[in-house]
Amino acid sequence: MSIQPVPAFEPPYVMAVFSNIRTDDDSGYPETLARMQAIVPANPGYLGYESARTPGGLGITVAYFRDHESLTAWRQDLEHQAAMKQGRSDWYESYTLHVATVERSHGFVRNG
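Below: a short report on this structure. Everything numeric here is computed off the predicted structure, so don't read it as measured data.

What about the packing of aromatic side chains?
Then, in step 1: Taken as a whole and judged by the stated rule, the model has 8 aromatic pairs.
Then, in step 2: Ring centres of Phe18 and Tyr95 lie 5.2 Å apart, and the angle between their planes is 50 degrees; on these two criteria the pair is classed as tilted. Taken as a pair, Phe18 in strand 1 (residues 13-22) and Tyr95 in strand 4 (residues 92-102) lie far apart in primary sequence, 77 residues in all.
Then, in step 3: Here the aromatic residues Phe18, Tyr29, Trp91, Tyr92 and Tyr95 are joined through ring pairs into a cluster of three or more.
Then, in step 4: Geometry around Tyr29 places Arg22 over its ring, the cationic atom sitting 3.6 Å from the centre.

Given below as structure tokens:
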């Protein structure tokens, strides 16, 4: 299976862009990340996510949701809230979160 970006969806939909710099503390992070990736698809408005980290350490995750209510439900999930709290106390030096409504979306996949 090849790696592909999250497909384009019919607008409008919502994206949350989480940019971060991690600390050196990795304790519990991989397990918590796996758990978040396991539970977020239960949100009926969840569409997918993309994530990358530069060699210099900047991480960017973009999560896509059908609407603001779906994103709010994810933000209010109790396990996600616990993970966010631990992120602020242990895993992140700094982060920003940008939320936007997507007005236009299209994609391309080379055939062959």
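Topic: the environment of Leu58
Then, in step 1: Here Leu58 lies in strand 3 (residues 58-65).
Then, in step 2: For the pair Leu58 and Arg22, spaced 36 residues apart in sequence, the C-alpha separation works out to 7.9 Å.
Then, in step 3: Not counting the four nearest positions on each side in its chain, Leu58 is found in contact with Ser19, Asn20, Ile21, Ala52 and Arg53.

Re the sheet that holds strand 4
Then, in step 1: The antiparallel open sheet is built from 4 strands, whose spatial order is 2-3-1-4. Strands with a single pairing partner mark the edges of an open sheet, and in this sheet they are strand 2 (46-53) and strand 4. Neighbour-to-neighbour, the strand axes of this sheet turn through a mean angle of 15 degrees, independent of strand direction.
Then, in step 2: Relative to strand 4, strand 1 runs antiparallel, the two being bridged by 10 bridges. The partner of Asn20 across the bridge, within strand 4, is Tyr95.

Reading the values: the criteria
Residues numbered from 1 in each chain as written. Predicted model: local features only at pLDDT ≥ 70, side-chain atom pairs only at ≥ 80, totals over all residues. Heavy atoms only, no water. Phe/Tyr/Trp six-rings, centres within 6.5 Å; stacked < 30°, edge-to-face > 60°. Helix = DSSP H or I, 4+ residues; strand = E, 2+ residues; numbered from the N terminus. Lys NZ or Arg CZ within 6 Å of the ring centre and 35° of its normal. Contact = heavy atoms within 4.5 Å. Pairing = 2+ DSSP bridges. Axes fitted to C-alpha atoms, helices over the stretch in contact; angles between N-to-C directions.

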